[in-house]
Amino acid sequence: MKLDRLDILHTCIPLNQTFRTSFGAINEQHSIVVKAYSDGLVAYGEACPFYAPVYSYECIATMTAVIRDFIAPAVLGRELGEPAGPGYAEATDFIKGNNHAKAAVETALWDLESERRGIPLWKLVGGTNPKVDVGVSIGIQPTVEGLLDKIAAYLGEGYRRIKIKIEPGKDLDTVKAIRARFPDITLMVDANSSYELSHAELLAGLDGYGLLMMEQPLAEDDIVDHAKLQSQISTPVCLDESIHTPEDARKAAELGSCKIINIKYGRVGGIRNSIRIHDICRAAGIGNWAGGMIETGIGQRFKLAISTLPNFVYAADIETSDRFLVEDVVTPDIMHVNGYLDANTDYRVDEVKLNRYTSEVTICRP
Ligand SMILES: [Mg+2]
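The rules behind these values
- Residues numbered from 1 in each chain as written.
- Predicted model: local features only at pLDDT ≥ 70, side-chain atom pairs only at ≥ 80, totals over all residues.
- Helix = DSSP H or I, 4+ residues; strand = E, 2+ residues; numbered from the N terminus.
- Rg over C-alpha atoms; globule rule 2.2 N^0.38 Å.
- Contact = placed C-beta atoms within 7 Å.
- Buried ≥ 20, exposed ≤ 12 C-beta atoms within 10 Å, placed from the backbone.
- Axes fitted to C-alpha atoms, helices over the stretch in contact; angles between N-to-C directions.
- Parallel < 35°, antiparallel > 145°, perpendicular 65-115°, else oblique.
- Left-handed = near helix turned anticlockwise from the far one by under 90°.
- Nonpolar A, V, L, I, M, F, W, Y, C, P; charged D, E, K, R; others polar.
- Domains from an automatic or database assignment.
- Pairing = 2+ DSSP bridges.
- Right-handed = clockwise from strand over helix to strand, strands pointing away.
- Core = buried A, V, L, I, M, F, W, Y, C linked by C-beta atoms within 7 Å.
- Arc of directions from axis to C-beta.

## Brief notes about the overall build of the chain
- What the chain contains, in helices and strands, is 13 helices and 15 strands.
- A globule of 366 residues ought to have a C-alpha radius of gyration of about 21 Å, and the chain, at 20 Å, matches this closely.
- Its C-alpha atoms give the chain principal-axis dimensions of about 60 × 40 × 35 Å.
- Considering only intrachain contacts with a sequence separation of at least 6, the fraction spanning at least 24 residues in the chain is 71%.

## Some details on the environment of Gly158
- By secondary structure assignment, the location of Gly158 is in the loop between α5 (144-156) and β6 (162-165).
- Take Gly158: there are 13 C-beta atoms within 10 Å of it, and that puts it in the partly exposed class.
- Once you skip the residues sitting within four places of it in the chain, Gly158 turns out to touch His336, Asn338 and Gly339.

## Here we look at the packing of helix α1 (residues 60-75) against helix α3 (residues 99-117)
- Contact geometry of α1 with α3 gives a least axis separation of 9 Å together with a crossing angle of 55°. It follows that α1 is oblique to α3 by the angle criterion. α3 is crossed by α1, and the crossing has right-handed handedness. Side by side, α1 and α3 meet where Met63, Val66, Ile67, Ile71 and Val75 of the first sit next to His100, Ala101, Lys102, Ala104 and Val105 of the second.
- Taken together, the residues of the contact of α1 with α3 sort by class into eight nonpolar, one polar and one charged.

## Brief notes about the domain arrangement of the chain
- Assigned domains within the chain: domain 1 (5-118 + 352-364) and domain 2 (123-349).
- Centre-to-centre, using C-alpha coordinates, domain 1 lies 22 Å away from domain 2.
- Facing 35 residues of domain 1, the contacting portion of domain 2 comprises 29 residues.
- When contributions to the side of domain 1 that touches domain 2 are tallied by element, the ones reaching two or more residues are β1 (5-21), β2 (24-38), β3 (41-47), α3 and α13 (351-356).
- Looking at the side of domain 1 that touches domain 2 residue by residue, the classes come out as 17 nonpolar, twelve polar and six charged.

## Observations concerning the sheet that holds β6
- Taken together, the seven strands give an open sheet; going across it, the order is β5-β6-β7-β8-β9-β10-β11, and neighbouring strands pair in parallel fashion. Edge positions in the sheet fall to β5 (136-138) and β11 (287-290), since each of these pairs with one other strand and no more.
- With four bridges connecting them, strand β10 (residues 260-263) and β11 associate as parallel partners. Within β11, the residue paired with Asn262 across the bridge is Trp289.
- Each of β5 and β6 is contacted by α5, which is oriented at about 165° to β5, the strand it contacts most.

## Quick look at the pairing of β6
- Alternating residues of β6 divide into Ile162 and Ile164 and Lys163 and Lys165, and every residue in both groups is buried.
- Bridge count for β5 against β6 is three bridges, and the pairing is parallel. Looking at β6, one finds that Ser137 is bridged to Lys163.
- Strand direction decides the pairing type here: β6 and strand β7 (residues 187-190), joined by four bridges, are parallel. The residue bridging Ile164 from the neighbouring strand is Val189, located in β7.
- Chirality of the crossover, the property in question, places the unit of β6, helix α6 (residues 172-181) and β7 among those that are right-handed.

## Considerations on unusual backbone geometry
- In this model, Thr331 is joined to Pro332 through a cis peptide bond whose omega is 0°.
- Even without being glycine, Asp39 reaches a positive phi, approximately 55°.
- You can see Asp39 is positioned in the loop between β2 and β3.
- For Asp39, a count of 10 C-beta atoms within 10 Å corresponds to the exposed category.
- Despite not being glycine, Ser193 shows a phi value in the positive range, around 65°.
- By the element assignment, Ser193 lies in the loop between β7 and α7 (200-204).

## Thoughts on the nonpolar core
- Within the largest apolar cluster, 104 residues are counted, with the highest numbers of intra-cluster contacts made by Ile32, Val34, Ile67, Ile261 and Ile306.
- Top contributing element to this core by residue count: α3, with eight residues.
- Counting residues domain by domain, this core receives three or more from each of domain 1 (5-118 + 352-364) and domain 2 (123-349).
- Leaving out residues up to four positions away in the same chain, Ile67 has contacts with Ile8, Val34, Ala72, Ala101, Ala104 and Val105.

## With respect to the packing of helix α8 (residues 223-232) against helix α9 (residues 246-255)
- In contact at an axis separation of 9 Å, α8 and α9 are set at 35° when each is read in the N-to-C sense. Where α8 crosses over α9, the handedness of that crossing is right-handed. Where α8 abuts α9, its residues Ile223, Val224 and Ala227 lie against Lys251, Ala252 and Leu255.
- Its residues placed into classes, the contact of α8 with α9 shows five nonpolar, no polar and one charged.

## Some points on α9
- Pro246, Ala249 and Ala252 are the residues of α9 that are buried. Along the long axis of α9, the arc covered by the buried residues comes to 125°, so they all point the same way. In α9, those exposed residues whose orientation departs by more than 90 degrees from the buried face are Glu247 and Glu254.
- Backbone geometry just after α9 places Gly256 at a positive phi near 75°.

What follows is the structure in structure tokens.
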């Protein structure tokens, strides 16, 4: 496969609610959508760290610069082979890190291949089960009562798993209150690195509450302390921000830093690396699931595809179109039925809607 042209689209879609995590609050979703042209076909990729470099060192501005100045010149007009092969990785290997930027282009290659061969993405990535469980991630709420009401509402919508964000001061009592009202639901917590190893005793206090997992309690760059923590608590630790490469996954497995890894295709540089991390985890007995960055429907398609891989054994954070966005850019809208999504659904990009939310376009040619 050869790319004839790449358009870098900066999209910004208002949210229908404020999303609050320990990183801060956001009211609009910024993303980089890559429109890739090859041999008469057009396809779309996407990745979105937040607008500001708060989740990783990448942000919308760095992604645009890295794709425009380094990735596009390295890949345009060059034979890249199939996306499952090493062609794209070899062409972009000279660029250190910048995985979201790499993923925005790489996912477009998978979409192109899916179009070219007429095969749905989930089959192309090697998926085995197109029926995907979806969970819901709830941001930090002003009051516990408000959180309980939100949980009740999402359970009513059929979500298979509830994830809440925790931070120091909003943890043990919150979980206790949830369990008092919902003793049997599948519940997990995400700390987004807001704790330190010195909190181990406090975090061990969550052991009795049957949590599915505790996501990324400690620092983003620290899989050593995560291994120490995992040895002191029985709740499975899930790593998110710490895992950027297949090598990170291998090292975390060897150290015993976690029992679960959340694979975000953007954070790890795309679909091919997601599959490689999946394979490493599967061999090591570490379960996977797909986390999200509030992608548009374009990116949700890739999360849905990798969630059909056999080691994705926990419900995915695949947001329905109306979950956060005032409007999505794919049709049909992404809607779960009783907490399941069907990866066979053919979500197409709606160009009119995409243009409506595109604030800047950078066109790259060979
Ligand atoms: Mg997380």
